[in-house]
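Observations on the three-dimensional arrangement
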Amino acid sequence: MELWILAALANPLIFSIVTLIDKRVLSGFGLGLPSFNLFVGGSQGLFGATVLLLNFPAGVEFEILAKAWSIGVLQAFTLIFMFWMLKREDPSRVIPAMQTSPIYVALLAWVIFDESLTALQWISVFLAVGGSVLASIKIGSLSGKGNIVFQPLFLLLAVGALLMASSQLITKSIVEDLSTIHIVSLRGTGLFTVMWLVFARPDALRGLGSFLKKPKQAPWLIMAEGVMPFNGHLLITYAIGKGPIALVSSLGGARPIFVFSMSALGAWLAPNLIYEKFTRPDMALKLVSATMVVGAVVIISVV
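Below you will find a few notes about this structure. Because the structure is predicted, anything quoted here is derived from the model rather than measured. (Residues numbered from 1 in each chain as written. Predicted model: local features only at pLDDT ≥ 70, side-chain atom pairs only at ≥ 80, totals over all residues. Heavy atoms only, no water.)

Regarding the pattern of salt bridges
Under the criterion given, the structure shown has 1 salt bridge. For K67, the salt bridge identified is with E63, shortest N-O distance 3.7 Å. Of this pair, K67 and E63 both sit in helix α3 (residues 62–88), 4 residues apart, which is roughly one turn of the helix. Among the residues examined, E63 registers a relative accessible area of 48% and is labelled partly exposed. (Salt bridge = Lys/Arg side-chain N within 4 Å of Asp/Glu carboxyl O. Helix = DSSP H or I, 4+ residues; strand = E, 2+ residues; numbered from the N terminus. Buried < 20%, exposed > 50% of the residue type's maximum accessible area, 1.4 Å probe, protein only.)

Structural data, given as structure tokens:
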């Protein structure tokens, strides 16, 4: 197996773990969203700035540097939407709706580069849309009532997935001009720029400072949104540079299944660590939703 394939598979696994820890920090530990976003932007900006200060990419055109920075800007809004929904919803419902970005990559290539889509690829688009719609539906409840509720707020995640797809296309366009570490570092500075412009307020800074002083809770945040994402983005950037972007995206599409499997096992084996409850109808719906999205991504990449 080629190294870039392993990197592309390791990325969704890492970010599935990150997602579950994020849910614990946001819903279990009660860290406010502004403070949470400040840490995400600040930690990635710190990593990026450190690399750039020690080893700035010499002789690279300003336009290339700006494109790398814009990757972080686009992904910042994606993450803001995702964190906002993650604080309110189950991870196994949020991630399938987010993981449709490879479909947008194909559609954008069709619109921008006049690439045609086959019948099977159009089927995959409808599968992805259907899976995302299912992810936005709640069926059943812990009280036993079988109400079905569609949540329009999940449309925010569709916008986030579109922004993520755009950032991946930009990444592919500059991998020949910048090293993986420099792309990820400049992305971090873009992430910092947006998140601190939006959320840097005295109360949010105080909240973050207070949280980081808690020895039993702070390490969860530092590991999940400090160390792991930087390494995860190194992996996916390396994979995009070495392999076909559609196939790399399809392997990243395994994230909904990873999140669903970990959530279901965690709810059974370690319910105190997983902030998600499953009814039987709800579990079936989440599994179908995740499977549809993964299936759509696989079709779009191999046909």
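A look at the packing of helix α1 (residues 3–28) against helix α10 (residues 218–242)
At a closest axis distance of 8 Å, the pairing of α1 and α10 adopts a crossing angle of 155 degrees. Comparing their axes, α10 and α1 come out roughly antiparallel. In terms of crossing hand, the pair formed by α1 and α10 is left-handed. Within the contact of α1 with α10, the residues separate by chemical class into 20 nonpolar, 3 polar and 4 charged. (Axes fitted to C-alpha atoms, helices over the stretch in contact; angles between N-to-C directions. Parallel < 35°, antiparallel > 145°, perpendicular 65-115°, else oblique. Left-handed = near helix turned anticlockwise from the far one by under 90°. Nonpolar A, V, L, I, M, F, W, Y, C, P; charged D, E, K, R; others polar.)

Overview of the environment of L107
The topology assignment puts L107 in helix α5 (residues 101–113). Between the C-alpha atoms of L107 and W122, which are 15 residues apart in sequence, the distance is 9.5 Å.

Brief notes about a nonpolar patch on the surface
Taken together, the side chains of F47, L212, I222, M223 and V227 present a nonpolar region at the surface, about 390 Å² in accessible area. If you tally residues by element for the nonpolar patch, the top one is α10, at 3 residues. (Patch = residues over 30% accessible without salt bridge, like charges linked within 9 Å, V, L, I, M, F, W, Y side chains within 5 Å. Areas by Shrake-Rupley, 256 points an atom, 1.4 Å probe, with all protein chains shown as cover.)

Here we look at the packing of helix α2 (residues 33–54) against α10
Geometrically, a packed helix pair is captured by the angle between its two axes and the distance between the axes. Axis separation between α2 and α10 bottoms out at 10 Å; the angle between their running directions is 40 degrees. Taken together, the axis directions place α2 and α10 in an arrangement best described as oblique. Crossing of α2 over α10 shows right-handed handedness. Residues F36, F39, V40, S43, Q44, F47, G48 and V51 of α2 pack against L221, I222, E225, G226, V227, P229 and F230 of α10. Here the contact of α2 with α10 is built from residues that sort into 10 nonpolar, 4 polar and 1 charged. (Contact = heavy atoms within 4.5 Å.)

Points about the nonpolar core
With 35 residues, the main nonpolar core has V25, F36, F83, M195 and L221 as its most contacted residues. It is α3 that provides the largest number of residues to this core, a total of 8 residues. The contact partners of L221, leaving out residues within four places of it in the chain, are V25, L31, F36, F39, L208, F211, L212 and G226. Core analysis: the next-biggest nonpolar cluster, separate from the first, contains 17 residues, A7, L52, I236 and V248 among them. (Core = buried A, V, L, I, M, F, W, Y, C linked by side-chain atoms within 4.5 Å.)

Focus on helix α9 (residues 202–212)
Turn by turn, an α-helix covers 3.6 residues, leaving residues three or four places apart pointing in a common direction. Where α9 is concerned, the buried positions are A204, L208 and F211. End-on, the buried residues of α9 take up no more than an arc of 65 degrees, which puts them together on one face. In this structure, α9 carries P202, D203 and R206 as exposed residues pointing more than 90 degrees from its buried face. (Arc of directions from axis to C-beta.)

Thoughts on the packing of aromatic side chains
This structure, assessed with the given rule, holds 5 aromatic pairs. On the numbers, 6.3 Å between centres and 40 degrees between planes, the contact of F29 with F211 is tilted. Of this pair, F29 sits in the loop between α1 and α2 while F211 is found in helix α9, placing the two residues 182 residues apart along the sequence. According to the relative accessible area criterion, F29 is buried, its value standing at 16%. Put simply, the rings of F29, F211 and W220 touch in pairs and so form one group of aromatic residues. In this structure, R24 packs its charged tip against the face of W220, placed 4.9 Å from the ring centre. (Phe/Tyr/Trp six-rings, centres within 6.5 Å; stacked < 30°, edge-to-face > 60°. Lys NZ or Arg CZ within 6 Å of the ring centre and 35° of its normal.)

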